[in-house]
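Working through the structure, step by step
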Amino acid sequence: MKTLLSFCFLFFYSINTITAQNTREIENLKSFAKVYGYLKYFYPGDEAAKLDWDKFAIYGAAKVAGCNTSQQLKDSLTALLGPLMPGVKIVPANTRINWTKKTFTPANLKGYEVVAWQHLGVGTLKDERMPYKSERTNRLKLTDKNLFDTKPAVGEYIEKPIGNDLKIFVPIALYGNNKSTYPVADTIAGKLYLSTISSLNRDSLKADKLFARYGNIINTWNVFQHFFPYFAEAKTDWYADLDMALRETYRDRTQADFLNTLRRLTAKLKDGHISVSQVVNTDNYMPPLAWKWIENKLVITHVFDSTLSIQKGDIVTRINGASTNHYLDSIYQYISAATPGWLHYRAETESLAGRKGSQLQITYESPNAPATSLTLERKLVRALYDKKFPVPDTIKQLPGNIMYINIGVAEMDAINKSLPQLQKSKAIICDLRGYPTDNTDFIQYLMTEKATESNWMQVPQIIYPDQEKKITYHYENWPLVPAQPHLSAKIYFLVDGQVISKGESYMSYIEHYKLATIIGQPTAGTNGNVNYLVLPGGTIIMFTNMKVYKHDGSRHHGVGILPNIYAEQTIKGIREGRDEYLEKAMEEANK
């Protein structure tokens, strides 16, 4: 016991001590990152499944970082396998192993079944309500049957280079009975090892600790490496991105620093759903105004403090001493976006947000006036800030027998009550510049044929690492059919770069079945149910975990819904309080 306590003391000392980073350390961590993902998501042994993998990432990073040779790294990685993962081998890259199914087959197979990992997306939350799940076959927790039919066979293994002149062998299917998988792990030694990992204290998990940051980056990188569906579209070198993040996080000292490192890493993926946040968010205070990027200028669109001299339509030229272009560039690097429209939309709010009481120094120009400097204080918590914006109309009559429906706020009951007016109208303008409420049944009043596409939403079914070999899919769709009364008026939909996810699913029916004329700007080009990764220390990463196509099978990600007629806001329109998207729709409706 004294030996174990001494080991734990030395480990906890090392895990909280920062040493000079060097290239060897980075290469060691990258090797461990590969090993970590192969084991966590693809080794099916019973004892390994009991491991606290979040803590293991931190523990392992501390153990391998200081290795000075490939042999030391091999020994350290082998020790990390401990007694939990019989059959896994870390060997020199030129080593050949005679891998036979017999090694992994008990003498009597009675009562044994195949145990292997199946991933429907990736199950990060263990929540039955999520469409994403990870289970081992014949070791089920969330369901009473395997997730899907495809699974590896006993005898299949992965042989992967992990860098530093090393490679790993991992069996990805084992036999198991109601007691254990085979080969049987040393359960006594295993319990002691599991206890060592789980005993990492809360302080060791905080982002001000170097190895906690290393471990969380390794954890994050592997989720995307094996399960992110849009690498072809992102066109990034994800392994090089891991190297970048490990180097950058060495310089981090605070939770805020580390969040920005994770944001820079995940921005490479160009996924509009990605956000990196903290359970307790302190950077959620806003100054009393809003701005937008219009005609290549940063334009004030709302002012919520009547004592300020700045007005709608004024142009911001400098922020905190930097040009607006330079300042926004510093914001863009932290935003994951598949289209320019979503990038600008996110940056318009992210560039304003900060800690309570912090300040923004801006310089702005008004018509026929010299440049003016202004200090703004962030004093409105985000929830109150959002309520400062004008309450949008829900359903209203416009001149010329034209009806207007705000799809973002109009409930289905309200739409149904307005059906007599809608039936008599010459045109209906549907405003979906934002996120729709629960009114997708409205689409059915526009349809003349049943929707037949059943595979435009696809959840990956993964059993092999690195998204290799053929990936199968579970298909999802919206089963929409025509409903009465059919609305025969001319239909127009207003969209812009902030339309994302469910809004794009909504618009996909409008686009494919040509149910309306679409006016505005391209949408965010990001669709599909989100997934969540929760890291030690309370960091939450949201991301897309399914593939979504247009209904004709063409690419949606990074493309979005394209308008039939383009419309733009102008600085002149902002100053005059005009909605130029709506004006364009009314112009078309009155032709």
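Report follows, based on the coordinates. Remember, predicted model here, so these are calculated numbers, not experimental data.

1. Some points on the nonpolar core
Ranked by size, the top nonpolar core spans 130 residues in total, and within it Leu 39, Phe 56, Leu 77, Met 85, Phe 442 and Phe 493 carry the most contacts. Those residues in contact with Phe 56 that sit more than four places away from it in its chain are Phe 32, Tyr 36, Leu 51, Leu 80, Tyr 193 and Ile 197. Counting 31 residues, the second-largest nonpolar core is a separate cluster that includes Trp 291, Leu 308, Trp 342 and Ala 524.

2. Here's the deal with the sheet that holds strand 4 (residues 157–163)
A sheet is described by the order of its strands in space; here three strands give the open sequence 1-5-4, paired in antiparallel fashion. Only two strands of the sheet have a single neighbouring strand rather than two, namely strand 1 (89–92) and strand 4. Taken pair by pair, the neighbouring strands of this sheet meet at an average axis angle of 25 degrees, ignoring direction. In this sheet, strand 5 (residues 166–171) lies alongside strand 1 in antiparallel orientation, the contact comprising four bridges. Across the sheet, Pro 92 pairs through a bridge with Leu 166, a residue of strand 5. Across the face of the sheet, helix 2 (residues 23–42) comes into contact with strand 1, strand 4 and strand 5 while running at roughly 160 degrees to strand 4. The sheet contacts of helix 4 (residues 70–81) involve strand 1, strand 4 and strand 5, and relative to strand 1 the element is tilted by about 170 degrees.

3. A closer look at the pattern of salt bridges
Any two side chains of opposite charge can pair if their charged atoms end up close together. In this structure the tally under the stated criterion is 30 salt bridges. With a closest N to O distance of 3.0 Å, Arg 139 and Asp 46 form a salt bridge. Separated by 93 residues along the polypeptide, Arg 139 in the loop between strand 3 (133–136) and strand 4 and Asp 46 in the loop between helix 2 and helix 3 (53–64) bring together distant segments of the chain. For Arg 139, a relative accessible area of 18% translates into the label buried. Through salt bridges with shared partners, one network takes in Lys 572, Glu 576, Arg 578, Glu 580 and Glu 583.

4. Topic: the packing of aromatic side chains
In total, this model carries 29 aromatic pairs according to the counting rule given. Ring geometry for Trp 99 against Phe 169: centres 5.7 Å apart, planes inclined by 20 degrees, an arrangement best described as stacked. Taken as a pair, Trp 99 in the loop between strand 1 and strand 2 (113–120) and Phe 169 in strand 5 lie far apart in primary sequence, 70 residues in all. For the pair Trp 99 and Phe 169, one class covers both residues: buried. Summarising the aromatic geometry, the rings of Trp 478 and Tyr 509 are spaced 5.9 Å apart at their centres and angled 15 degrees between planes, so their arrangement reads as stacked. Residue Trp 478 is found in the loop between strand 21 (472–476) and strand 22 (490–495), and its partner Tyr 509 is found in helix 15 (residues 502–512); the two are separated by 31 residues along the sequence. Tyr 509 sits in the buried class, given a relative accessible area of 1%. The structure contains a cluster of three or more aromatic residues connected by ring pairs, namely Phe 224, Phe 228, Tyr 230, Phe 231, Trp 238 and Phe 543. When the ring centre of Tyr 464 is taken as reference, the NZ or CZ atom of Lys 469 above it lies at 4.2 Å.

Cut-offs and rules
Residues numbered from 1 in each chain as written. Predicted model: local features only at pLDDT ≥ 70, side-chain atom pairs only at ≥ 80, totals over all residues. Heavy atoms only, no water. Core = buried A, V, L, I, M, F, W, Y, C linked by side-chain atoms within 4.5 Å. Buried < 20%, exposed > 50% of the residue type's maximum accessible area, 1.4 Å probe, protein only. Contact = heavy atoms within 4.5 Å. Pairing = 2+ DSSP bridges. Helix = DSSP H or I, 4+ residues; strand = E, 2+ residues; numbered from the N terminus. Axes fitted to C-alpha atoms, helices over the stretch in contact; angles between N-to-C directions. Salt bridge = Lys/Arg side-chain N within 4 Å of Asp/Glu carboxyl O. Phe/Tyr/Trp six-rings, centres within 6.5 Å; stacked < 30°, edge-to-face > 60°. Lys NZ or Arg CZ within 6 Å of the ring centre and 35° of its normal.

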